[in-house]
Amino acid sequence: MTERARSMIVTVDGPAGAGKSTLAVRVAEELGIPCLDTGAMFRTLALELQRAGFDPTGSGPGAQELERAFAACVFSLEGVGASSCLLCRGRPVGDEIRTEQAGMAAAAVAVLPEVREFTKKAQRALGDKYPLVAEGRDMGTVIFPDAFCKVYLSASARVRAERRLLQLRAAGRDADIREIEELIRERDVRDESRASAPLRPADDAVIIDTTDMDADAVFAAIMRAVREARAAAPVAVRMRRRDREMERQSATDLLKRGEYGVLGMDDGSSWPYAVPLSYVLSDGVIYFHCAPSGRKVGILARNNRVCFTVVTDTEPVYDKSFSTYYASAAVVGRVFPVVDEEEKKRALVLLAEKYSPEHADKAGAYAERSLKNTAVYRIVPELLSGKAKLRPAPDG
Ligand code: DC
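Positions within a chain are numbered from 1, following the residues in the order the chain's sequence is written. Residues qualify for local features only when their pLDDT is at least 70, as the model is predicted, and side-chain atom pairs are given and counted only at 80 or more; totals for whole chains, interfaces and linings, by contrast, use all residues. Side-chain calculation: all heavy atoms of the structure are included, whereas hydrogens and water are not.

### Points about the sheet that holds strand β4 (residues 85-88)
Consideration 1: Only when DSSP finds a minimum of two bridges between them are two strands counted as paired. Runs of H or I in DSSP of at least four residues are treated as helices and runs of E of at least two as strands, each being numbered from the N terminus. Strand order in the open sheet formed by 3 strands is β3-β4-β5, and the pairing between neighbours is antiparallel. Of all the strands in the sheet, just β3 (75-78) and β5 (91-92) have a single pairing partner and so form its edges.
Consideration 2: Of the strand pairs in this sheet, β3 and β4 are connected by 4 bridges, and their pairing is antiparallel. Along β4, the bridge assignment pairs glutamate 78 with cysteine 85.

### Quick word on the site of the ligand
Consideration 1: Whether a residue is near a molecule or strand depends on its heavy atoms: if one lies within 4 Å, it is near. Surveying the vicinity of the ligand reveals 16 residues, the closest of which are Arg43, Arg116, Arg137, Arg187 and Arg194.
Consideration 2: Any N or O atom pair separated by 3.5 Å or less is treated as a polar contact, with the protein-specific requirement of one donor-capable and one acceptor-capable atom, and with residues adjacent in sequence counted only for side-chain atom pairs. A distance of 3.2 Å separates an oxygen atom of the ligand from a polar atom in the side chain of aspartate 191.
Consideration 3: Per-residue and other accessible areas were derived by the Shrake-Rupley procedure at a 1.4 Å probe size, with only the shown protein chains allowed to occlude residues. Expressed as a share of its isolated accessible area of 440 Å², the protein-covered part of the ligand is 97%.
Consideration 4: The set of elements that each furnish at least two residues to the shell around the ligand consists of α2 (38-51), α4 (100-109) and α8 (177-193).

### Concerning the pairing of strand β13 (residues 305-318)
Consideration 1: Pairing of strand β9 (residues 260-265) with β13 involves 3 bridges; the strand directions are antiparallel. Each bridged residue has a counterpart across the sheet, and for valine 262 the counterpart in β13 is threonine 309.
Consideration 2: In this sheet, strand β14 (residues 322-337) lies alongside β13 in antiparallel orientation, the contact comprising 12 bridges. Across the sheet, valine 317 pairs through a bridge with serine 323, a residue of β14.
Consideration 3: Here β13 folds back onto β14 in antiparallel fashion, the turn holding 3 residues, of which lysine 320 has a positive phi close to 70 degrees.

### Brief notes about the packing of helix α12 (residues 341-355) against helix α13 (residues 363-370)
Consideration 1: Axis lines are fitted through C-alpha atoms, for helices just across the contact stretch, and the angle between N-to-C directions can take any value from 0 to 180 degrees. At a minimum axis separation of 8 Å, α12 and α13 run at an interaxial angle of 130 degrees. In terms of their interaxial angle, α12 and α13 are classed as oblique. Crossing angle aside, the handedness with which α12 passes α13 is right-handed. Taken together, the residues of α13 that come into contact with α12 (itself represented by Lys345, Leu348, Val349, Ala352 and Glu353) are Ala363, Gly364, Tyr366, Ala367, Glu368 and Ser370.
Consideration 2: By the convention adopted, Pro, Cys, Tyr, Trp, Phe, Met, Ile, Leu, Val and Ala count as nonpolar, Lys, Arg, Asp and Glu as charged, and the other residues, Gly among them, as polar. A breakdown of the residues in the contact of α12 with α13 according to their chemical character gives 6 nonpolar, 2 polar and 3 charged. Note on angle classes: values under 35 degrees are labelled roughly parallel, values over 145 roughly antiparallel, values of 65 to 115 roughly perpendicular, and the remainder oblique. Left-handed is the label given to a crossing in which the near helix is rotated counterclockwise from the far helix by less than a right angle, and right-handed is the label when the rotation is clockwise. Here, two residues are considered to be in contact whenever any of their heavy atoms come within 4.5 Å of each other.

### Regarding helix α1 (residues 20-31)
Consideration 1: Given a rise of 1.5 Å per residue, 12 residues ought to cover 16 Å, and the 16 Å separating the end C-alpha atoms of α1 matches this to within 8%.
Consideration 2: Glycine 32 lies just past α1 and shows a positive phi near 70 degrees. To estimate how far a helix should extend, the number of its residues minus one is multiplied by 1.5 Å.

### Here's the deal with the packing of α4 against α8
Consideration 1: Two elements in contact, α4 and α8, have axes whose closest approach is 10 Å; the angle formed by their N-to-C orientations is 15 degrees. One element, α4, and the other, α8, form an angle in the roughly parallel class. The handedness of the crossing between α4 and α8 comes out as left-handed. Contacts between α4 and α8 pair Glu100, Gly103, Met104, Ala107 and Ala108 from the former with Leu183, Glu186, Arg187, Arg190 and Asp191 from the latter.

### With respect to the packing of aromatic side chains
Centre distance and the angle of the planes are the two values used to describe a pair of aromatic rings.
Consideration 1: Classification of ring pairs uses Phe, Tyr and Trp, with its six-membered ring standing for Trp, and accepts pairs whose centres are within 6.5 Å; under 30 degrees between planes counts as stacked, over 60 as edge-to-face, and the remaining range as tilted. This model, assessed by the stated rule, comprises 5 aromatic pairs.
Consideration 2: Taking 4.4 Å as the distance between ring centres and 5 degrees as the angle between the ring planes, the aromatic pair formed by phenylalanine 70 and phenylalanine 118 counts as stacked. Here phenylalanine 70, found in helix α3 (residues 63-72), pairs with phenylalanine 118, found in helix α5 (residues 113-129); they are 48 residues apart in sequence, far enough to count as distant.
Consideration 3: Centroid distance phenylalanine 288 to tyrosine 377: 5.4 Å. Interplanar angle 15 degrees. Geometry classified as stacked. Within this pair, whereas phenylalanine 288 is found in strand β12 (residues 285-290), its partner tyrosine 377 is found in strand β15 (residues 375-389), the two being separated by 89 residues in sequence. Here phenylalanine 288 matches tyrosine 377 in class, with each residue buried.
Consideration 4: Geometrically, a lysine NZ or arginine CZ counts as sitting over a ring once it is within 6 Å of the ring centre and also within 35 degrees of the ring normal. One Lys or Arg, arginine 26, reaches over the ring of phenylalanine 219 and ends 4.2 Å from the middle of that ring.
Consideration 5: We note lysine 354 situated over the ring of tyrosine 279; from NZ or CZ to the ring centre the distance is 3.7 Å. The buried label applies to any residue whose accessible area, calculated with a 1.4 Å probe on protein chains only, is under 20% of its type's maximum; exposed applies above 50%, and partly exposed to all values in between.

### A closer look at the domain arrangement of the protein
Consideration 1: When its domains are assigned, the protein resolves into domain 1 (7-231) and domain 2 (242-389).
Consideration 2: Two parts placed together each lose some accessible area; with a 1.4 Å probe, that loss summed over both constitutes the buried area. At the boundary of domain 1 with domain 2, total buried surface from both sides reaches about 640 Å², with 43% on carbon and sulfur atoms.
Consideration 3: When the buried surface of domain 1 facing domain 2 is broken down by residue, Met8, Pro131 and Arg230 rank first, second and third, together holding 54% of it.
Consideration 4: A pairing counts as a salt bridge when a side-chain nitrogen of Lys or Arg comes within 4 Å of a carboxyl oxygen of Asp or Glu. The interface formed by domain 1 and domain 2 holds 0 salt bridges in total.
Consideration 5: The interface formed by domain 1 and domain 2 includes 3 residue pairs in polar contact (both at pLDDT 80 or more).
Consideration 6: Residue assignment for the side of domain 1 that touches domain 2 shows that the elements contributing at least two residues are β1 (7-13) and α5.
Consideration 7: Element by element, the count of residues in the side of domain 1 that touches domain 2 is highest for α5, at 3 residues.
Consideration 8: Partitioning the side of domain 1 that touches domain 2 into residue classes produces 3 nonpolar, 2 polar and 3 charged. Where a domain begins and ends is set by an automatic assignment or by a domain database.

### Let's talk about the pattern of salt bridges
Consideration 1: Counted by the stated rule, this structure contains 22 salt bridges.
Consideration 2: A salt bridge links arginine 169 to aspartate 174; the nearest nitrogen and oxygen atoms lie 3.1 Å apart.
Consideration 3: Residue classification places aspartate 174 among the exposed positions, given a relative accessible area of 59%.
Consideration 4: Three or more residues joined by partner-sharing salt bridges are found here, namely Arg158, Glu162, Glu181 and Arg185.

So, in structure tokens, the structure goes:
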């Protein structure tokens, strides 16, 4: 693994019915990032292939059927945590993909190398755009090998069948437990024995056998793995001196009251580029604005991974040696252009209010006027750390 920051992607892999979907959503909710249900992509694709004339019990689909289905499956993602939603051609994927038959059809088409190539591209494109909890079969092994945290959930076939039955009943459907268990075993064989991207844990995955665990215990185990992976992430901003580490909360407070920050970018040449910026922190993301073109805009379009640092409370001290009291926060994350007009206006108003609170009444009109000729960007933090050397509190 190279020393570049690992992707802010948590992978959750495992066999059918291991509780991946429920837990992945819960973890995404806790982290405030989108959840990608890759099984839903295979299910949607399988149904599109059937629509294109493919019979999953017969021989494989022809080139034309595959082409038609691929063209119909334009995936995108909306929302975070429990509101994460996979869209196909701009519309949320429907409930018709959630049947056991759709699951079997998905497992049948998932063995095809063309299908895996197509889904790999679609999944990586989403991973390039968002931090993710990515749930599936080969997320940690094939799709996101540089994910910073990998989890593999397993459970006995019987327990998985019982969980599936409860889910079906909750959705108002009934089924025979033996039939479900059989389907699960069949699906395991297909998923584990296919030549292309078979189901198996990544070498660096944390394996959790959930057979005798309830959902809360599994959730706690995954979050522990996330915290440990975060602490071990090979990122430049990792603390060397633990006594100077501040809580994440303190770093957030510092970003809130900091005046200016420095945005560090990598344009792919051997010359890094950094610029000072005015910024505002709102709902966990950092907004800044700039002219719609220029060197920074060009670099960010090619590589949106950045680091952003802020320093406050500086005070030179001499106490037998030269030093400085200070507090600082460093963010590693990705930058996205804000295209939604309402969000853009809100960010411009927040910036105006932060820097000129005495003219806050004019911020709305200024934001309206600036919409066209100003670009606004959102930094989504993936790692946040703080470091401080503060003046000791006076004795007594
Ligand atoms: O997780 P699920 O039951 O919704 O997945 C349906 C099928 O899709 C599963 O049996 C195999 C396939 N699949 C896959 O091969 N790779 C993934 N990343 C996700 C699902």
